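The primary structure of each chain is shown beneath.
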Amino acid sequence: MMDKEIDVSRKNFGIKVVIFVILLIAGITLTTLGILGVFSFSSGYNKVTLQADDVKVNNCQVEYYGYVSGNKLAVKKKLTDMQNIYSKETNYIYKLLDEKTYDGVINIAYINANLNRDIKVDHNLYLILNDAYNKTNSDNNYSIFASYQYDRWNNIIINDLKYDPYISNESKIDLEENLKYVNDSTNFNLIFKENDIINFSISQQYHEYRNEYEIDSPLISLNILKDAYLVNYLKDKLNDSNYSDGYLLSKDGYLTTLKNYKESSIIMFAINDQKINEACSIKTKADTSYVLYKYFDYVEDKIYSIKKDDSSYLYRYPIINLKDSSASSFAQSFYLEGENITESALILLQLTATNEAAATNYVKENKLQFVYIKDDKVINTFNINESDINVTNKNYVLKTL
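Residues numbered from 1 in each chain as written. Predicted model: local features only at pLDDT ≥ 70, side-chain atom pairs only at ≥ 80, totals over all residues. Heavy atoms only, no water.

Participant: Just give me the short version of the packing of aromatic side chains, but keep the residues and values in it.
Facilitator: By convention here, two paired aromatic rings are described through the distance between centres and the angle between planes. Going through the model one piece at a time under the given rule, you end up with 22 aromatic pairs. Their ring planes at 5 degrees and their centres at 6.0 Å tell us that Phe 145 and Phe 200 sit as a pair that is stacked. Of this pair, Phe 145 sits in the loop between helix 4 (123-136) and helix 5 (147-159) while Phe 200 is found in strand 6 (residues 197-202), placing the two residues 55 residues apart along the sequence. Each member of the pair Phe 145 and Phe 200 is classed as buried. With centroids separated by 5.8 Å and ring planes inclined at 40 degrees, the aromatic side chains of Tyr 290 and Tyr 335 adopt a geometry described as tilted. Of this pair, Tyr 290 sits in strand 11 (residues 289-294) while Tyr 335 sits in strand 16 (residues 333-338), and the two are 45 residues apart along the sequence. Through a chain of ring-to-ring contacts, three or more aromatic side chains come together here, namely Tyr 126, Tyr 133, Phe 145, Tyr 181, Phe 188, Phe 192, Phe 200, Tyr 206, Tyr 209 and Tyr 213. Cation over ring: Lys 226 sits above Tyr 94, and NZ or CZ is 5.1 Å from the ring centre. Here the guanidinium or amino end of Lys 262 rests over the ring plane of Tyr 67, the centre of that ring lying 3.9 Å away. (Phe/Tyr/Trp six-rings, centres within 6.5 Å; stacked < 30°, edge-to-face > 60°. Helix = DSSP H or I, 4+ residues; strand = E, 2+ residues; numbered from the N terminus. Buried < 20%, exposed > 50% of the residue type's maximum accessible area, 1.4 Å probe, protein only. Lys NZ or Arg CZ within 6 Å of the ring centre and 35° of its normal.)

Listed below in structure tokens is the structure:
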């Protein structure tokens, strides 16, 4: 097991991860949108901020940009109205899905703290957890019980790659042992009853294992799909309002355009000569979801990589393979377009855990709209029109499989 002196040890790990909450900035930007701050009161797409009193949800990684036009007073009023609905709905859904407790809120943290009890939950929480549990059982590289795997993995790639399991046998053993418990369905009993009642319990052996190694990561967590569920919920609420010309963007790489959004494009970034560069842009359209994963932080200008030898690097995603605790490295960044962002994310989680040939074959067979960047090539798999992809960096070329 892990040496107690290692900084990424199990004890108080959840607290350590909070320090790195600004983790995985998606390498995407919307071009030609005129994105401005909420206080600029300018026509165009404006970032809508959460209200000041929503301090408890200010760690939310989902941002909302809404389109406004008219004179300054009209723009200001519409932005205020947008802020009201965005703050109200974010405050509601964020607390439900959070792994921290809030007074008077029965959320995921409450379920984790009240094992072996029938708990009546909010209907939206019931539906989201039921969906995430079904995804867990679908064997597609996702699990709501894998929070320790994600917490530890993210801390490694963000904070200290010398503990990467590729070069650290201690980390490899640690992650693999935890994974044995995560992948053993007998360790978890999550029951969904009528009238939005949930009952959750864990096995005695898993309870003893967590106690022995002082694991404090949440028992249940939406982890890598948390922001996708947030985006999905907020999209529905905003589409039902008068403010459906806009988009929602998550720092984990989830983007959803609302039903009246005006067409524009996404910029994909990639690495050339160990520098993060713009590689291509891809047209976007209204009422569509996009998932983008990559192994670098464009905002922080940080590449998650280990030098293998003098000329090659091993790159790391914030996604870990829940089969064997390994990490895919076959592409620099991925792009997947679809209707439902959680379903698209699940597909991409599966694809990033496999090899290039298997991934591209799966994309072709299922006619997915998929682009990825590998070896200085922007690779299109036939399902996105080449005219919709603009290679913007001379170091990259467009390749059609």
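Participant: Describe the sheet that holds strand 18 (residues 377-380), listing the residues and the values that go with them.
Facilitator: Pairing is mixed in the open sheet, where nine strands are placed in the order 2-3-7-8-11-16-17-18-20. With partners counted over all chains shown, the strands left at the sheet margins are strand 2 (44-48) and strand 20 (397-400), one partner each. Neighbouring strand axes in the sheet, compared pairwise and without regard to direction, differ in orientation by 20 degrees on average. By the bridge criterion, four bridges tie strand 18 to strand 20 in an arrangement that is parallel. Its bridge partner being in strand 20, Ile 379 is matched across the sheet by Lys 399. Here helix 8 (residues 226-239) sits on the sheet and contacts strand 3 (62-68), strand 7 (246-250) and strand 8 (254-257); the angle it forms with strand 7, its principal contact strand, is near 165 degrees. (Pairing = 2+ DSSP bridges. Axes fitted to C-alpha atoms, helices over the stretch in contact; angles between N-to-C directions. Contact = heavy atoms within 4.5 Å.)

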